[in-house]
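# Structural overview for review
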Amino acid sequence: MKIFYYDIALNIPLRRCFTYKSRERLVKGSRVKVSFGSKKVLGIVVRRIIKLDPSIKKDSIKEAIAIDKYSCYEKPLFNSAVWASKYYHHPIGEVFFSFIPTVLRKDSTKTIIPFGKTSDYLINEDDKFFNLNKEQENAVQNLSKIKGFNPALLYGVTGSGKTEVYLRLAEEKIKKGESIIILVPEINLTPQLINRIKNRFTGEIGVFHSSITPKKRYETWLKSKFGEIKIVVGTRSSVLLPLKNLGLIILDEEHDQSYRQSEGFKFSARDLAIKRSQLEKVPLLLGSATPSLQTLKLISENKFSKHEILKRIDGKKPPKIITLDINHSKLVAGIAEESMLAIKQTIKNGEQVLIFINRRGFAPLFECESCGWVANCSSCDSNLVYHKARNRLICHKCESAFNVSKKCPECSSKELKAYGLGTEKVEEALRLEFRKTPIIRVDHDSTRKKGAIEKIYSDIHKSDEAILIGTQMLTKSHDFPKVTMCIILNADNGLISPEINAIEKISQQLIQVSGRAGRNNNVAKVILQTRYPNDLNLKKIKTGNYHIIADQCLKDNKLKSLPPFSSICILRCTSPNSSNCMKFLNKVSNLLCEKNKIEIIGPLPSIPSKIKGNSRFHIVLNTSSKAYLNKVLIFLTEEFYRWPETKKVRWTFDIDPYDMS
Ligand SMILES: [Zn+2]
Ligand SMILES: [Zn+2]
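Rules behind the numbers
- Residues numbered from 1 in each chain as written.
- Chains lettered and ligands numbered in written order.
- Predicted model: local features only at pLDDT ≥ 70, side-chain atom pairs only at ≥ 80, totals over all residues.
- Heavy atoms only, no water.
- Donors = N, O, S within 2.8 Å, 3.2 Å for Na, K, Ca; no water.
- Tetrahedral: all angles 85-135°; square planar, octahedral: opposite > 155°, others 65-115°.
- Helix = DSSP H or I, 4+ residues; strand = E, 2+ residues; numbered from the N terminus.
- Buried < 20%, exposed > 50% of the residue type's maximum accessible area, 1.4 Å probe, protein only.
- Contact = heavy atoms within 4.5 Å.
- Salt bridge = Lys/Arg side-chain N within 4 Å of Asp/Glu carboxyl O.
- Pairing = 2+ DSSP bridges.
- Domains from an automatic or database assignment.
- Buried area = accessible area lost by both parts, 1.4 Å probe.
- Polar contact = N/O pair within 3.5 Å; in protein donor to acceptor, adjacent residues only side chain to side chain.
- Nonpolar A, V, L, I, M, F, W, Y, C, P; charged D, E, K, R; others polar.
- Axes fitted to C-alpha atoms, helices over the stretch in contact; angles between N-to-C directions.
- Parallel < 35°, antiparallel > 145°, perpendicular 65-115°, else oblique.
- Left-handed = near helix turned anticlockwise from the far one by under 90°.

## Examining the coordination of the zinc ion (ligand 1)
- Around the zinc ion (ligand 1), the protein supplies Cys-368 (SG), Cys-371 (SG), Cys-408 (SG) and Cys-411 (SG) as donor atoms, at distances of 2.2 to 2.3 Å.
- One can describe the site at the zinc ion (ligand 1) as tetrahedral: its four donor atoms subtend angles covering 107 to 112° at the metal.
- For the zinc ion (ligand 1), the single-chain donor residues occur in sequence as C-x2-C-x36-C-x2-C. Of this pair, Cys-371 sits in the loop between β19 (365–368) and β20 (384–387) while Cys-408 sits in the loop between β22 (401–402) and β23 (416–419), and the two are 37 residues apart along the sequence.
- For Cys-371, a relative accessible area of 40% puts it in the partly exposed group.
- Accessibility expressed as a relative area gives 2% for Cys-408, which makes it buried.

## Let's talk about the environment of Leu-143
- Of note, Leu-143 is situated in helix α4 (residues 134–145).
- Each C-alpha atom of the pair Leu-143 and His-461 lies 33 Å from the other, and the pair is 318 residues apart in sequence.
- In this structure Leu-143 touches Ala-152, Leu-154, Val-165, Leu-169, Leu-285 and His-307, once residues within four positions along its chain are discounted.

## Considering the coordination of the zinc ion (ligand 2)
- Coordination of the zinc ion (ligand 2) by the protein involves Cys-377 (SG), Cys-380 (SG), Cys-395 (SG) and Cys-398 (SG), with metal-donor separations of 2.3 to 2.4 Å.
- Coordination at the zinc ion (ligand 2) comes from four donor atoms whose angles at the metal span 107 to 114°, giving a geometry best classed as tetrahedral.
- Counting gaps between the donor residues of the zinc ion (ligand 2) yields the pattern C-x2-C-x14-C-x2-C. Of this pair, Cys-377 sits in the loop between β19 and β20 while Cys-395 is found in strand β21 (residues 392–395), placing the two residues 18 residues apart along the sequence.

## Quick word on the pattern of salt bridges
- Evaluated as defined, the whole model comprises 38 salt bridges.
- For Arg-168, the salt bridge is made with Glu-164, and the minimal N-O distance between the two is 2.7 Å. With Arg-168 and Glu-164 both in helix α5 (residues 162–175) and four residues apart, the pair spans about one turn of that helix.
- For Arg-168, a relative accessible area of 15% gives the class buried.
- Close ionic contact of Arg-360 with Glu-399 constitutes a salt bridge, the shortest N to O distance being 2.7 Å. One end of the pair, Arg-360, is in the loop between β18 (352–356) and β19; the other, Glu-399, is in the loop between β21 and β22, with 39 residues separating them in the sequence.
- Under the relative-accessibility criterion, Glu-399 is labelled partly exposed at 34%.
- Three or more residues joined by partner-sharing salt bridges are found here, namely Asp-127, Glu-164, Arg-168, Arg-196 and Arg-200.

## Description of the sheet that holds β22
- An order of β20-β21-β22 is seen for the three strands of this open sheet, with the pairing classed as antiparallel. If you trace the sheet from one side to the other, it starts and ends with β20 and β22, each paired once.
- Across two bridges, β21 lies against β22 in antiparallel orientation. Note that in β22 the partner of Ile-394 across the bridge is Ala-401.

## Considering the domain arrangement of the protein chain
- Under the domain assignment, the protein chain is made up of domain 1 (4–106), domain 2 (122–309), domain 3 (320–360 + 422–559) and domain 4 (567–655).
- Averaged C-alpha coordinates put domain 2 and domain 3 at centres separated by 28 Å.
- Each partner contributes residues to the interface: domain 2 has 21 residues there, and domain 3 has 22 residues.
- Buried area between domain 2 and domain 3, summed over both chains or domains, comes out near 1,900 Å², and the portion from carbon and sulfur atoms is 60%.
- Taken together, domain 2 and domain 3 are joined by zero salt bridges.
- If you look at where domain 2 meets domain 3, you find six residue pairs in polar contact (both at pLDDT 80 or more).
- Among the elements of the structure, α6 (191–200), α9 (293–300) and β14 (305–309) are those that each provide at least two residues to the side of domain 2 that touches domain 3.
- In terms of residue count, the dominant contributor to the side of domain 2 that touches domain 3 is α9 (three residues).
- Partitioning the side of domain 2 that touches domain 3 into residue classes produces seven nonpolar, nine polar and five charged.

## Comments concerning the sheet that holds strand β2 (residues 18–22)
- Taken in spatial order, the five strands line up as β2-β1-β4-β3-β5 in an open sheet, and their pairing is antiparallel. If you trace the sheet from one side to the other, it starts and ends with β2 and β5 (65–66), each paired once.
- Pairing geometry for strand β3 (residues 31–36) and β5, over two bridges, is antiparallel. What sits directly across from Val-32, in β5, is Ala-66.

## Side note on the packing of helix α1 (residues 75–87) against helix α8 (residues 269–280)
- Where α1 contacts α8, the axes come no closer than 9 Å and their chain directions differ by 140°. Between α1 and α8, the angle is such that the two are oblique. For the element pair α1 and α8, the recorded crossing hand is right-handed. In this structure, α1 uses Pro-76, Leu-77, Asn-79, Ser-80, Trp-83 and Ala-84 to contact α8, whose residues at the interface are Asp-271, Leu-272, Lys-275, Arg-276, Leu-279 and Glu-280.
- Residues of the contact of α1 with α8, tallied by class, amount to six nonpolar, two polar and four charged.

## A few points about unusual backbone geometry
- Cis geometry is adopted by the peptide bond preceding Pro-564, which originates at Pro-563 and carries an omega value of 5°.
- Among the structural elements, Pro-564 can be located in the loop between α16 (546–559) and β28 (567–575).
- In this model, Gly-602 is joined to Pro-603 through a cis peptide bond whose omega is 10°.
- In this fold, Pro-603 is placed in strand β29 (residues 599–611).
- The backbone of Asn-245 shows a phi angle near 55°, a positive value even though the residue is not glycine.
- Exposure remark for Asn-245: the relative accessible area of 47% places this residue in the partly exposed category.
- The backbone of Asp-656 shows a phi angle near 50°, a positive value even though the residue is not glycine.

Printed below as a string of structure tokens:
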């Protein structure tokens, strides 16, 4: 009897496959059941081994039992996953298992079979009740001509009607019987967007993200695979959904940080979407009003094409941004007198005000006035934030909640005070001032419950005058047409941050938040409170023209050899014992210091330097050659297997990191 040998990837943190045998031919990318040690585990078939390594004893090879007759990863998708494992230097098994539904990941009794109900897609012409403007029309025309791998950016200022362009392009693909995947940032998956798509097409629209039940996710995955649904809207985890006959990938708000997964398998869904588009030879459309520097660089090199919509759909001018010097102002909960007057006037006009402050909770510092003790999380190196609504001190790193101490644990003084500013404090101060006005807070805490965000949006749209207070959740693509005044309380933290991409981030955030305001009004105004009114970057942000600031960032980064003109990898290391981290990272640093093609920074303590009882340190590797970086990382991985120091730490590579600390 013929015996076949296969490399099988297991869902374990080892950067290798394992050899198993089978009496039947196995399908590449399909699931199998194998014994590993004393356990039965699931694996994915990676490749057939034609010539067995002579050092392996044939008798010792265990058997792999096929579970499905279908593959989880058809060929281009399979190669996308293999690429991701190599590019991010992440264990292949973990990559394969992270993109299949939990049900398939855990349960060998569930097998892949067609769901059996195919949706018919018709276009609801009544939904297209308005005409496209010239710019939108041009964009649709040019974008629909694109074939194969030719990434394009739709640069549309906020309010320019990018979604309508997406819908028209989707329509073209549906007519050809092709399927579409629309990727959106985590927070943007609002009923507003889903409803727009549902109103346009009859037929089932797949929705795929982390808060959908495992059962529903499994169902959507199956229906995508067998062509039973043709349109899926989802967050980063849907980037490798196995859509049959894929015709287009759309990635909205391509600059958004939530495309980056920062825990476990650290990858960028934007970059993986680009690779998938290349391997599947399907068009990719990135959309943004504030595109990432990487995308702008690729456009300047003619690798991506650019399509612009510079006019807002309502024909109105973009909001006017003014800076307010608060160095000599009296502040109430962070709000200057001038801003307060502007809020009053807006409310009097029956309009809405949006107040942006990027910190949730009541006050970020809880300390003793007598001895200076500061409330800290017991397992992280992080200040506890006072949350008045829950009357708890909460760690924003591990979400542990602590009772609010009545006495200082160090000196027993009762003089304990909360300092600083968060959304709750702003809300409280405004409630005292505006007793009759609806005040709506939008942050992680107020939106945690299921259905909460939908209710908040509906309350906002129902009210006339209202005050919205929110964190960066408010800067994402939901529109608030009744907002005519926008007050930004703490942009200074972003302006003076030492992070390398701080200016890119803060300008994206400020331009996005300003864009939320005044969709239907003439006089939307944005007041940016600052202690640095003469800051050069701020002056550029004030113009509201993102290109001016992005060009400057690109010039600066080129000069300093920073991304997108270089490649960065952060080697992160954690251990309950900080000296273990230092021993490991120092050894790495000593090993690499003679290599002159790579710049090494660190070891440095990460911020925060402790989370859940584990100390955290890192080294930054920066080089102008991606290929060289790859070589170095492969070399390091092999070294690490041999080092005794490696056994005492947990390490990961963070490629193209979003956060540098
Ligand atoms: Zn004290
Ligand atoms: Zn903590």
